Amino acid sequence: MIAETGLALLWLAGALAALQLLLGAIGLRWQRDDLIAAVRPIAVVQAVLASLAFALLIYLFVTVDLSVALVAANDHSAKPLLYKFAGSWGNHEGSMLMWVTILAIGGGAVALLERRLENRTLIATLSAQAAIGLGFYAFLLFASNPFARLDPAPPEGQGLNPLLQDPGLAFHPPTLYLGYVGLSIAFSFAVGALVTRDVGPAFARAMRPWVLGAWVMLTLGITAGSYWAYYELGWGGWWFWDPVENASLMPWLAATALLHSVTVLATRDGLRAWTVMLAVVAFSMSMVGTFLVRSGILTSVHAFAVDPRRGSFILALLAIYIGGALALFALRVGTVREGSRFDAVSREGALIINNLLLSAILGIVLVGTLYPLMAEAMTGEKISVGAPYFNSAAGPLALILMAALSAGPLLRWRRDELRSLAGRLALPALITAGALAAVIALAPGIRILPLLGLVFAAGLAAASVAPLWRRNLRHAPLFVWGMVIAHLGVAVSAAGMASESAFTKERLVAARIGESFDVGPYRVRFDAVAPVAGPNWTAVQGTLTATRGTTSFALQPEARSFWAPPAQTNESAIRTALDGQLYVVLGNPDETGRWQLRLWWKPMVTLIWAGGAMIAIGGALAMLGHLLRDWRGARRKEAWA
Amino acid sequence: MKAKHQRLVLIGLAVAAMIGAALLAMSALKDQAAYFYTPSDAIRDHVEAGRAVRLGGMVADKSIKREPDGITIRFIVTDNAATVPVRFTGITPDLFKEKSGVVAEGAFDASGTFIATNILAKHDERYMPPQVARGMHKTESLVR
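Residues numbered from 1 in each chain as written. Chains lettered and ligands numbered in written order. Predicted model: local features only at pLDDT ≥ 70, side-chain atom pairs only at ≥ 80, totals over all residues.

## Thoughts on the overall build of chain A
Cut-off, in case you're wondering: Per the convention used, a helix needs a DSSP run of H or I reaching at least four residues, while a strand needs a run of E reaching at least two, with both numbered from the N terminus. Between the two quantities, the radius of gyration covers C-alpha atoms and the globule rule is 2.2 Å times the number of residues to the power 0.38. As a rule, residues whose C-beta atom has 12 or fewer other C-beta atoms within 10 Å are exposed, those with 20 or more are buried, and those in between are partly exposed; C-beta atoms are placed from the backbone. Here, residues touch in the contact sense if the C-beta positions derived from the backbone fall within 7 Å of one another.
The secondary structure content of chain A amounts to 18 helices and eleven strands. In terms of C-alpha radius of gyration, chain A reaches 26 Å, essentially the compact-globule figure of 26 Å for 641 residues. Out of the 641 residues belonging to chain A, those deemed buried represent 54%. The contacts in chain A between residues at least 6 apart in sequence include a share of 75% that link residues at least 24 apart.

Right, here's the structure in full:
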């Protein structure tokens with residue numbers, strides 16, 4: 001009964017989405033306020049229904065109801081509770097249901113919370129959101145029903161891919177989806193404002209918190225996904241330029257550009273058409289990401305199912321929404337009035353450079369990700385594009401972006417002088433030069449990209465705190481703090497990346513029990529190998545003792561064998577020190593009793609994710625700061641009235 | 001500057017940046033894209049030594065041999081029509097075994113041995129890289 005109830009709720013929610021779109025469109029077209037009044041409540045009820053359906057699916061997974069096909073294919077009674085729970089979105093149908101649920105909740109939240117947007121624009125926004133939701137409800141109901149029954153029910157489920165049985169899985173997809181779907185709200189805002197010809201600073205101020213929220217979630221999702229790949233895959237890398245990783249990076253790049261241009265629109269009433277365009281592009285990138293990941297066109301841990309019908313369904317949705325939005329944009333861009341003007345040397349100018357560079361990097365990542373698919377479709381040639389392409393093409397642009405980022409926040413809005421900018425940048429420039437001398441002196445053989453990465457990071461770190469200099473810190477607005485912390489996070493993360501790629505020490509050995517090896521500042525002794533067992537796996541566990549100076553500690557990497565489904569994973573052992581991480585992977589034994597061991601010393605590698613967290617925290621503070629200021633402004637206005 | 005001029009300058013800048021990025025991407029793609037070969041393709045096309053490519057197929061039965069250093073292995077990749085010897089130094093992935101699908105990244109040396117720098121095995125029991133599956137399918141139909 002529960003599965004049928006879930007399905008019924010989904011149909012109902014889909015019908016409400018259709019109603020929401022219809023009432024909104026008719027009400028706006030023929031000025032029917034009675035119809036318009038129904039749109040907000042419908043959006044809220046639709047969100048509640050979708051959430052209930054998703055809750056029922058989670059319930060089916062937790063109780064391991066094997067008469068449901070999806071549960072039988074992905075669940076297992078011996079699985080720990082957390083993975084029964086998280087397993088409900090560790091598969092195609094469940095993850096699409098989560099997507100549509102978050103989409104509906106996003107629309108409901110806009111309906112409940114958004115008070116600043118002009119009412120007609122809000123209704124148009126909610127209608128656009130319903131149109132997106134409608135497509136995905138159809139996708140679920142016609143091509144990926146999560147509640148389909150299996151008759152007869154099997155005695156046991158097939159279990160979950162062991163690589164996915166990790167606490168990271170519980171949080172990584174929901175945060176990423178919140179980001180993807182948050183961008184759908186920005187998209188709907190843009191469509192709504194185009195429909196009612198309402199593109200202006202008030203619209204930008206209303207849209208900004210949603211963009212920031214989505215961007216914070218994307219940042220967190222990408223950072224967490226990177227750390228998951230780093231410790232779970234046991235390859236010692238933190239970014240593989242895998243198409244699925246790119247699928248999350250592309251919306252992030254577009255959203256980063258968008259949140260800067262929306263600031264220009266909100267503060268200075270500039271870049272109107274460009275901002276609307278970016279909002280469309282950002283959600284398009286989310287859709288492209290969903291298409292790449294969910295169509296099964298890629299081979300990866302994310303490609304849960306290969307079903308060409310699903311791929312074409314998502315591709316059709318992609319074409320309809322992006323094509324529709326671009327057509328609307330083309331029709332209405334003439335009615336978007338010219339924004340205010342500004343000089344080339346100004347905050348706006350710097351933000352345009354930021355936007356251009358981010359767009360260029362986005363283009364490079366998009367080309368590298370899609371090129372192999374295009375080439376195979378056109379010529380049948382099979383090509384893979386990997387890290388060397390992305391690093392050599394996007395790396396230099398990222399460095400220029402860091403330089404622009406150092407100067408941007410120190411420029412005044414509208415008009416500034418290069419000479420006074422030079423004065424403000426004197427200290428950061430000095431620090432950059434000092435860092436250059438120091439790195440070359442200490443590490444003469446360093447490659448050019450990591451060298452510039454470290455040096456630019458030092459300069460950016462100094463420049464990004466400069467907006468707080470000679471300022472009473474208690475009176476600095478919260479969103480300025482947010483900006484400073486986020487920009488500092490970029491510097492921290494870049495320093496970690498450069499340091500990891502330049503200074504990592506690696507040892508690959510075949511070790512007998514009792515042997516010792518030096519890696520980085522550590523001496524590691526291989527003590528023992530013993531079998532251990534977990535709830536749904538058995539493992540061989542190595543024990544190693546690492547010594548550095550007077551401190552020593554144990555490391556216990558494992559090679560795990562899961563039985564449902566049968567598979568093996570390497571659990572790396574990682575020890576974090578203040579200046580880096582020691583990373584150990586246990587390999588296979590050979591006939592003579594030696595074990596393969598892979599040891600890494602990765603100096604400052606944790607800065608990569610610490611920087612990512614700082615960027616997200618900065619974004620959250622900026623969002624809070626803007627909301628607080630607008631709220632205070634609204635109260636002041638009321639007091640005057 | 002007049003409003004119209006500013007808009008033109010902005011559009012010009014955007015176009016220039018996009019063209020620059022496209023050129024950068026094209027040149028990097030030409031140098032860095034790695035082509036995918038099955039053993040039959042690799043032998044037929046005489047892939048030049050040192051060029052970064054991917055080799056996909058099945059690990060031949062009873063072909064995995066370990067070198068005395070304990071960390072280097074040799075094995076044979078086959079597509080049921082041709083075979084290529086492969087050498088790899090490192091820890092093989094968890095699902096790397098004989099008679100299952102594999103994709104090796106690396107380059108051929110002068111003697112025709114494929115020196116793998118990275119080995120990708122299938123992620124789980126249900127999964128085979130489609131490129132491998134398609135390659136295998138092609139040779140199967142050729143053999144038949």
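Now that the structure has been shown, the text picks up again.
## Here's the deal with the overall build of chain B
A count of helices and strands for chain B gives three helices and seven strands. Moving toward the C terminus, one meets the helices and strands of chain B in the order α-β-α-β-β-β-β-β-β-α. Within chain B, contacts between residues separated by at least 24 positions form 53% of all contacts whose residues are at least 6 apart in sequence.

## Examining the sheet that holds strand β9 (residues 573-577) of chain A
Residues and elements named next belong to chain A. Note the threshold: DSSP calls a pair of strands paired once it identifies at least 2 bridges connecting them. Axis definition: a line fitted to C-alpha atoms, limited for helices to the stretch in contact. Angles are taken between N-to-C directions and run from 0 to 180 degrees.
Read from one edge of the open sheet, four strands run β2-β11-β10-β9, paired in antiparallel fashion. Because the sheet does not close on itself, it has two edges, and the strands there are β2 (505-511) and β9. Direction aside, neighbouring strands of the sheet carry axes that sit 15 degrees apart on average. Across five bridges, β9 lies against strand β10 (residues 580-589) in antiparallel orientation. When the bridges of β10 are listed, Ala573 appears paired with Val584.

## Section: the domain arrangement of chain A
Residue and element names in this part refer to chain A. Just so we agree on the cut-off: These domain limits were set by an automatic method or by a database of domain assignments. Any residue outside Ala, Val, Leu, Ile, Met, Phe, Trp, Tyr, Cys, Pro, Asp, Glu, Lys and Arg is labelled polar, Gly included; the first ten of those are nonpolar and the last four are charged.
Looking at chain A, the domain boundaries give domain 1 (1-165) and domain 2 (507-601). A C-alpha centroid distance of 43 Å is found between domain 1 and domain 2. Residue-level contacts link eight residues of domain 1 with seven residues of domain 2. Broken down by class, the residue content of the side of domain 1 that touches domain 2 amounts to four nonpolar, three polar and one charged.

## Observations regarding the environment of Leu52(A)
Residue and element names in this part refer to chain A. By the element assignment, Leu52 lies in helix α2 (residues 33-62). By C-beta crowding, Leu52 is classed as partly exposed, having 16 other C-beta atoms within 10 Å. In the structure, Leu52 is positioned 269 residues away from Tyr321 in sequence and 27 Å away in space, judged by C-alpha atoms.

## Brief notes about the interface of chain B and chain A
Of the residues lining the interface, 36 residues belong to chain B; the matching set on chain A comes to 40 residues. Elements with a contribution of two residues or more to the side of chain B that touches chain A: α1 (3-32), β1 (34-37) and α3 (130-143) of chain B. Sorting elements by how many residues they give to the side of chain B that touches chain A places α1(B) first, with 15 residues. Of the strand pairs in this sheet, strand β1 (residues 383-384) of chain A and β1(B) are connected by two bridges, and their pairing is antiparallel. Counterpart to Ser384(A) in the pairing with β1(B) is Ala34(B).

## Side note on the environment of Gly56(B)
Position of Gly56(B) among the secondary structure elements: in strand β2 (residues 53-59). As a C-alpha pair, Gly56(B) and Thr78(B) span 22 residues in sequence and 8.3 Å in three-dimensional space.

## Observations concerning helix α16 (residues 448-465) of chain A
Heads up, the condition is: Multiplying 1.5 Å by the residue count of a helix minus one yields the expected span of that helix.
Given a rise of 1.5 Å per residue, 18 residues ought to cover 26 Å, and the 26 Å separating the end C-alpha atoms of α16(A) matches this to within 8%. Taken across its 18 residues, α16(A) has 14 buried, putting it largely inside the fold.

## Some points on the packing of helix α8 (residues 201-232) of chain A against helix α9 (residues 243-268) of chain A
Residue and element names in this part refer to chain A. Going by this rule: Between 65 and 115 degrees an angle is taken as roughly perpendicular, under 35 as roughly parallel, over 145 as roughly antiparallel, and anywhere else as oblique. Should the near helix be turned anticlockwise from the far one by less than a right angle, the crossing is termed left-handed; should it be turned clockwise, right-handed.
Contact geometry for α8 and α9: axes closest at 9 Å, N-to-C directions at 150 degrees. Between α8 and α9, the crossing angle belongs to the class labelled roughly antiparallel. The hand of the α8/α9 crossing is left-handed. Here the contact of α8 with α9 is composed, by residue class, of 18 nonpolar, five polar and two charged.

## Some words on the nonpolar core
Residue and element names in this part refer to chain A. Spelled out, the test is: Note on definitions: a nonpolar core is a set of buried residues drawn from Ala, Val, Leu, Ile, Met, Phe, Trp, Tyr and Cys, linked by C-beta atoms within 7 Å.
Ala186, Val211, Ala254, Ala255, Leu258, Ala279 and Ala282 are the most contacted members of the largest nonpolar core, which totals 212 residues. At 17 residues, α8 tops the list of elements feeding residues into this core. Look past the residues within four positions of Ala255 in its chain and what remains in contact with it is Leu183, Val211, Ala214, Trp215, Leu218 and Ala282. By size, the runner-up hydrophobic cluster in this structure holds 28 residues, among which are Ala573, Val584, Leu599 and Trp601.

## A word on the confidence of the model for chain B
Note: predicted coordinates in regions of low pLDDT should not be interpreted at a detailed level. All names here are of chain B. Worth spelling out the cut-off: pLDDT is defined as a per-residue confidence score from the predictor, taking values between 0 and 100.
A residue-level look at chain B finds 78% of positions with pLDDT of 70 or above and a mean pLDDT of 77. In the model of chain B, α3 stands out as the element of lowest mean pLDDT, 45, in contrast to strand β5 (residues 83-89), which has the highest, 93. This model gives residues 123-131 a pLDDT under 50, and the stretch forms 22 contacts once residues within four places in sequence are excluded. Of the regions scoring below 50 in pLDDT, residues 135-144 engages in 15 contacts with residues more than four places distant in sequence or in other chains. Taken together, the chains of this predicted complex give a pTM of 0.89 and an interface ipTM of 0.75.

## A short note on the environment of Ala610(A)
All names here are of chain A. Within the secondary structure layout, Ala610 lies in helix α18 (residues 607-640). Since 17 C-beta atoms lie within 10 Å of it, Ala610 is described here as partly exposed. The spacing of Ala610 and His92 is 518 residues in sequence and 31 Å in space, taken between C-alpha atoms.

## Quick notes on the confidence of the model for chain A
When pLDDT is averaged along chain A, the result is 88, and 97% of the positions lie at 70 or above. Ignoring residues within four places in sequence, the model shows residues 300-305 of chain A, a span with pLDDT below 50, making 13 contacts including any to other chains.

## A look at unusual backbone geometry
Residue and element names in this part refer to chain A. Looking along the chain, the bond that leaves Asp151 and enters Pro152 is cis, with omega of 0 degrees. Structurally, the position occupied by Pro152 is in the loop between α6 (119-143) and α7 (167-195). One non-glycine residue with positive phi stands out, namely Met604, at about 60 degrees. Mapped onto the secondary structure, Met604 falls in the loop between β11 (595-603) and α18. According to the C-beta neighbour criterion, Met604 is buried, with 21 such atoms within 10 Å.

## Comments concerning the packing of α8(A) against α18(A)
Residues and elements named next belong to chain A. Contact geometry of α8 with α18 gives a least axis separation of 9 Å together with a crossing angle of 165 degrees. In terms of orientation, α8 lies roughly antiparallel with respect to α18. Where α8 crosses over α18, the two elements pack in a sense that is left-handed. The segment α8 lies against α18, with Arg205, Arg208, Pro209, Leu212, Gly213, Trp215, Val216, Thr219, Leu220, Thr223, Ser226 and Tyr227 engaging Trp609, Gly612, Ala613, Ile615, Ala616, Gly619, Ala620, Ala622, Met623, His626, Leu627 and Asp630.

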